[in-house]
Amino acid sequence: MSSGTGVEVGALAARSRAAAVLRVKSVATALAVLPAACAAVLWAGAAGGQLEGTGWEAARLSVSVLAVLALALAGATALLIARAAPAESPAVPVEERAAPALYHLVRELAERLGVPAPAAIALTPDCDSWLEERGAAPGVRAQVLVIGSPFLWWLRVAELRAVLAPVVAGTEPAAEPTTAQARTFVRGLDAALATAGPRAPLARRVLLAVPARLARLLLVRCRAAAADMERYVAAACAERARKVDYGRRITAQEQVGLAYAGWDRLLSRVAVPAWRLGRWPARLDAGVAAALVELSRRDRLAADEQALRLTEPPASELLEEPELADEAASLLAARLFHGERGGAWRPVSWRDYPHEVVERLWRADAVRLGEVLGEKGRPCAVARVLEHLTVSDSPPERVGVLAGPPVREGGVRGAPRAAGYVARTEPEIFPESPEEEADRFAHPRAAALAAGLAARVAREETADAGAARASEGVYEGDGGLPLFAPPPVRSGVEVLADHVTSLVCCAAVDAGGAVPGLDWLDGPVLLVDGERVRDLGARVRSLVEDGDSIPLRRWLARVGVRVG
């Protein structure tokens, strides 16, 4: 099948499914006016001297009441659908004067594809690109090309053009009348349900309960046809885009997958810790590029290939001021995934990240560990923790905090990873019971301390999540679900190991033998003589699980930390 034939077949199939969506609308309209038509016939018969009698009179009244109710419900539903504003994805608009080269690339691409060019361009802090109908002016909506901001910093110009070709090709079906009407109808139904959804005020939900139920019924009836329509549209767009940089697109998709992996890792390992401290990294997209360059450097098989493509200019050079665009997208990412935190919310540069974020995280953990051990708002000495966790003949000491639920972790603590210890990244299918977890410790004191820390962190993270949800800047999906998936569960061993490692890192920094650092792939790290420490995690685990402090004592002595 030729490319032109494939485009035509896909377009025809999409129009047929769009017509099926509109038939649902037509059937609903017909059902709404049917009682009114029947009532008109009955009243017309009575006016002509026909259809008289008690039975016909009762029928006229009943059908008339039914017609009024049907028209009222239909009118309320239609008004709800018409007035509901379709949701728009959060994005940073890019004016043409701020990116003339990018606009030129998109328009040239649309010309080569033979489709209308998008009216505007916007950036989103995500590894995806799509066309979205947005309000360009009061009562006027236009197609906007939304581009994932990490793409601009990682993809080369030719790769970006190849990746955007199928997306830009979607402007033609968006302008086709039948498809456009079907999409508008489905978007209106979806927006109507959101207007009267669970997050709406109670009075509005009660008032719009019946119209919302009718809108949901219509959406269910046309959902399959709408999904098929979008699949056929995507197939037609992909077929049309085959004539533009098809070979380059195949290789560019590999880089898209890398960008997604780098973005996800940077958010969980680097951005989330900063957000929880009220700091937002101002150059997330540049950080993604740096992380992927570091990944390619470590992968010897791909190093030569990546070195060759990195000699080409990145797509971010299509922007007049890429730093400002990166900062705007980074701030939007923080608001989307975490929510703004008042006056303490401020940007942090990558140069200041080790001291503004990493060291503060470690010291917060050290203070928490000290408080659970009975210290008043200050970290305890490393010597006390070593003595407390080392196996001896002394009786167990009870920690004054009850055990709590396991705490969730999404790369926030950072110190274990700084020391070469990588926490579990997958949730346990069968979590350990408190008794089973206690068996992993060599001494009951360690189990009690881990339980106390877990309870303390769980309370703090619950309060933190509530503050983020109450923030005006945070964005949540349908049903109030956060955009960021909940992190996996940490065991008490991991919680205790995190805090002990943080305390040790603080002691090493205070002794002058180490400094906090940042690894693009693993997040916070501890640096000694400019080199990343990689063996501290195993030494801390030996203390926490086995009660053996000798390996950790030797390491502390080597970096100049005195523990008595």
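Here's what I pulled together on the structure shown here.

Conventions we followed
Once a new chain begins, its residue numbering starts again from 1 and follows that chain's sequence as written. With the structure being a predicted model, the display of local features is reserved for residues of pLDDT at least 70 and the display and counting of side-chain atom pairs for 80 or more, all residues being used for whole-chain, interface and lining totals. By convention in this description, side-chain values take in all heavy atoms of the structure and omit both hydrogens and water. Secondary structure is summarised from DSSP: a helix means a run of H or I of at least four residues, a strand means a run of E of at least two, and numbering begins at the N terminus for each. Each residue's exposure class comes from its accessible area (1.4 Å probe, protein chains only) as a fraction of the maximum for that residue type: buried when under 20%, exposed when over 50%, partly exposed otherwise. Pairs of residues are marked as contacts when any of their non-hydrogen atoms sit within 4.5 Å. Per-residue accessibility takes into account occlusion by the displayed protein chains alone, with areas from the Shrake-Rupley method and a 1.4 Å probe. Note on definitions: angles span 0 to 180 degrees between N-to-C directions of axes, and those axes are lines fitted to C-alpha atoms, for helices only across the stretch in contact. For classification, angles of less than 35 degrees are called roughly parallel, those exceeding 145 degrees roughly antiparallel, those between 65 and 115 degrees roughly perpendicular, and all remaining angles oblique. Residue polarity follows a fixed list, in which Ala, Val, Leu, Ile, Met, Phe, Trp, Tyr, Cys and Pro are nonpolar, Asp, Glu, Lys and Arg are charged, and the others, Gly among them, are polar. Under the pairing criterion, centres of Phe, Tyr and Trp rings, with the six-membered ring standing for Trp, must be within 6.5 Å; the plane angle then separates stacked pairs below 30 degrees from edge-to-face pairs above 60, leaving the rest tilted. Remark: a charge is flagged as sitting over a ring if the NZ atom of Lys or the CZ atom of Arg is within 6 Å of the ring centre and within 35 degrees of the ring normal. By convention the crossing between two helices is left-handed if the near helix lies anticlockwise of the far one by an angle smaller than a right angle, and right-handed if it lies clockwise. Buried residues of nine kinds, namely Ala, Val, Leu, Ile, Met, Phe, Trp, Tyr and Cys, make up a nonpolar core once their side-chain atoms join them within 4.5 Å. Working rule for helices: expected span equals 1.5 Å times residues minus one. A strand pair is defined by DSSP finding two or more bridges across the two strands. Picture the helix axis, draw a direction to every C-beta atom, and the arc is the one those directions span.

Considerations on the overall build of the protein
Looking only at helices and strands, one finds 21 helices and 9 strands in the protein. Relative to its full complement of 564 residues, the protein shows a buried share of 48%. A separation threshold of at least 6 residues defines the contact pool for the protein, and within that pool the share at least 24 residues apart is 76%. In the structure as shown, the protein presents an accessible area of about 27,300 Å², 58% of it carried by carbon and sulfur atoms.

So, the packing of helix α5 (residues 157-168) against helix α10 (residues 246-276)
Between α5 and α10, the shortest axis-to-axis distance is 9 Å and the interhelical angle comes to 100 degrees. Regarding the angle of α5 to α10, the classification is roughly perpendicular. Only R248, R249, A252, Q253, Q255 and V256 of α10 make contact with α5, whose side of the interface consists of A158, E159, A162, V163, A165 and P166. Classifying every residue of the contact of α5 with α10 by side-chain character gives 7 nonpolar, 2 polar and 3 charged.

Some remarks on the packing of aromatic side chains
Each aromatic ring pair is summarised here by two numbers: the centre-to-centre distance and the angle between the ring planes. According to the stated counting rule, one finds 3 aromatic pairs in the structure shown. Ring centres 5.8 Å apart and planes at 50 degrees place the aromatic pair W350 and Y353 in the tilted group. Note on W350: relative accessible area 17%, which makes it buried. Note on W350 and W520: the rings are 5.0 Å apart at their centroids and 80 degrees apart in plane angle, and the pair reads as edge-to-face. Here W350 is found in the loop between β6 (346-348) and α14 (353-372), whereas its partner W520 is found in the loop between β7 (515-519) and β8 (523-528), with 170 residues between them in sequence. By relative accessible area, W520 is classed as partly exposed at 22%. Of the aromatic side chains, those joined through ring pairs into one cluster are W350, Y353 and W520. The ring of W43 carries the charged tip of R60 above its face, separated from the ring centre by 5.7 Å. For the cation-ring pair, R309 lies above W154, with the distance from its terminal atom to the ring centre recorded as 4.6 Å.

Considerations on the packing of helix α15 (residues 382-389) against helix α19 (residues 492-510)
Taken N-terminus to C-terminus, the directions of α15 and α19 make an angle of 145 degrees; their axes are 10 Å apart at the nearest point. By crossing handedness, the relation of α15 to α19 is classed as left-handed. Of the residues in α19, those in contact with V382, V385 and L389 of α15 are L496, V500, L503 and A507. Broken down by class, the residue content of the contact of α15 with α19 amounts to 7 nonpolar, no polar and no charged.

Some thoughts on the nonpolar core
Residues L160, W275 and L526 are the most contacted members of the largest nonpolar core, which totals 132 residues. In terms of residue count, α19 provides more of this core than any other element does, 12 residues in total. Excluding anything up to four places from it in sequence, W275 contacts L267, W280, P281, L284, A333, A334, F337, H338 and W345.

Points about the environment of I121
Within the secondary structure, I121 sits in strand β2 (residues 120-124). Judged by its relative accessible area of 3%, I121 is buried. Measuring from C-alpha to C-alpha, the distance between I121 and L102 comes to 8.8 Å, with 19 residues separating the pair along the chain.

Observations concerning α14
Given 3.6 residues per turn, any residue in an α-helix points the same way as the ones three and four places further on. Taking 1.5 Å of rise per residue, 20 residues should cover 28 Å, and α14 covers 28 Å from first to last C-alpha, within 8% of that figure. Just downstream of α14, G374 is the residue with a positive phi angle, here 105 degrees.

As for unusual backbone geometry
Positioned with a positive phi, D245 is a non-glycine residue whose angle comes to about 50 degrees. With a phi angle near 55 degrees, D529 is a residue other than glycine that sits in the positive phi range. The class for D529 is exposed, based on a relative accessible area of 75%.

So, the sheet that holds β7
Ordered by their spatial adjacency, 3 strands build an open sheet running β7-β8-β9, and the pairing between neighbours is antiparallel. The outermost strands of the open sheet, each flanked by one partner alone, are β7 and β9 (531-532). In the sheet, β7 pairs with β8 via 5 bridges, with the strands oriented antiparallel. Residue pairing across strands places L518 opposite P524, the latter belonging to β8.

Details of the pairing of β8
Of all 6 residues in β8, 5 are buried; the element is thus mostly enclosed. The loop that links β7 with its antiparallel partner β8 comprises 3 residues. Hairpin geometry of β8 and β9 is characterised by an intervening segment of 2 residues between the two adjacent antiparallel strands and by a positive phi of about 55 degrees at D529.

A look at α15
All of the buried residues along α15 are V382, V385, L386, H388 and L389. Viewed along the axis of α15, the buried residues span an arc of 165 degrees, placing them on a single side of the element.

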